[in-house]
Amino acid sequence: MEERDIDRLAASRRDYLRATGGLAAAGVTGLAGCTGAEAATGTLATSVTDQPGDIGDFESCVVTVAGIWIKPSTAEDDETTTDETTTDETVDETGARDYHEFDEPREADLVELQGDRTALLGEHELETGDYAFLQLDVTGVEATLADGGEATVDTPGEAPLQFKQPFEIREDTRTLFTADFTPVKRGRSGSYLLQPVARGTTVDYESTSDTATEDGG
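Because the structure is a prediction, the values reported are computed rather than measured.

1. Some points on the overall build of the protein
Broken down by element type, the protein carries four helices and 13 strands. Within the protein, buried positions represent 39% of all 217 residues. In the protein, once contacts between residues fewer than 6 apart in sequence are set aside, the share between residues at least 24 apart is 82%. On the protein, roughly 11800 Å² of surface is accessible, and the fraction owed to carbon and sulfur atoms is 44%.

2. Some points on the pattern of salt bridges
Here the structure, examined in full by the defined rule, presents four salt bridges. Between E123 and R174 there is a salt bridge, with its nearest N and O atoms 2.5 Å apart. Pair noted here: E123 is in strand β4 (residues 119-127) and R174 is in strand β10 (residues 173-185), with a separation of 51 residues, a long-range link. For E206, the salt bridge is made with R174, and the minimal N-O distance between the two is 3.5 Å. Remark: R174 occurs in strand β10 and E206 occurs in strand β12 (residues 202-207); sequence separation between them is 32 residues. Residue E206 is classed as partly exposed on the basis of its relative accessible area of 22%. For R174, a relative accessible area of 22% puts it in the partly exposed group. What you see here is one network of salt bridges that share partners, running through E123, R174 and E206.

3. Considerations on the packing of aromatic side chains
Counted under the stated rule, the structure contains five aromatic pairs. Summarising the aromatic geometry, the rings of F163 and F181 are spaced 6.2 Å apart at their centres and angled 55 degrees between planes, so their arrangement reads as tilted. Linking F163 in strand β8 (residues 161-163) with F181 in strand β10, this pair joins segments that are 18 residues apart in sequence. The exposure class of F163 is buried, given its relative accessible area of 2%. Residue F181 is classed as buried on the basis of its relative accessible area of 1%.

4. Some words on the confidence of the model for the protein
Put simply, the protein has an average pLDDT of 78, and 71% of its residues get 70 or more. Within the protein, the element-level pLDDT minimum falls on helix α2 (residues 28-35), averaging 34, and the maximum on strand β9 (residues 167-169), averaging 97. A low-confidence stretch, residues 1-36 (pLDDT under 50), is modelled with 35 contacts involving residues beyond four sequence positions or located in other chains. Every residue in residues 81-94 is under pLDDT 50, and counting partners more than four places away or in other chains gives 29 contacts.

5. As for the nonpolar core
Counting 36 residues, the largest nonpolar core has L44, V48, F58, L134, L136, F167 and F181 as the members making the most contacts within it. Setting aside residues no more than four positions away along its own chain, F167 makes contact with L44, I70, G129, D130, Y131, F133, L134, T175, F177, V203 and Y205.

6. Digging into unusual backbone geometry
A positive phi is found at E158, a non-glycine position, where the angle reads about 55 degrees. Summarising the element assignment, E158 is placed in the loop between β7 (153-154) and β8. Backbone geometry at D172 places phi at a positive 55 degrees, although glycine is not the residue there. Positionally, D172 belongs in the loop between β9 and β10.

So, how was this worked out
Residues numbered from 1 in each chain as written. Predicted model: local features only at pLDDT ≥ 70, side-chain atom pairs only at ≥ 80, totals over all residues. Heavy atoms only, no water. Helix = DSSP H or I, 4+ residues; strand = E, 2+ residues; numbered from the N terminus. Buried < 20%, exposed > 50% of the residue type's maximum accessible area, 1.4 Å probe, protein only. Contact = heavy atoms within 4.5 Å. Areas by Shrake-Rupley, 256 points an atom, 1.4 Å probe, with all protein chains shown as cover. Salt bridge = Lys/Arg side-chain N within 4 Å of Asp/Glu carboxyl O. Phe/Tyr/Trp six-rings, centres within 6.5 Å; stacked < 30°, edge-to-face > 60°. pLDDT = per-residue confidence, 0-100. Core = buried A, V, L, I, M, F, W, Y, C linked by side-chain atoms within 4.5 Å.

Printed below as a string of structure tokens:
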């Protein structure tokens, strides 16, 4: 692929991210500039873990995550119930999301994240407030089965993985959002689908001036 083609693809991705919520650079700092005062902020720390599904079939299952989408809560969010996994089109109908890209794509091997093990993907400074959900921008999965064969692992509808656990961003507080998901075998096709695990997804809050952690439930 020629250099000009690569530049064009990169520009297209940036345009897409702006259309679906905007890059992180247009977030808190942009709002502070408009109001003439600094907005109160807190830290969102996003981690991943894996609860037993069909992960026992794998020798490795490396998931690449480029960033996260988050959605500020609205009155409609309190009245609307949606499926745990949704397509981009469904999410866009519920309101605008904000996209926050990691400095570079993060990788996590789900085989190594079973039980209480977690992997920190990254942290973002966000405006304080209530948020309805978090989505992982999964850009690739490389998986090897326990017998040495390769496996096809997809996300539902090739859409972001959505975790409907609401959370808060509090001033001078680190919000610890742990997204739990696992590969599930799709019948006799031999392929697998990454699915969120609601009971294993947690939110906790840690004061940046106090090491004590309180339950976010």
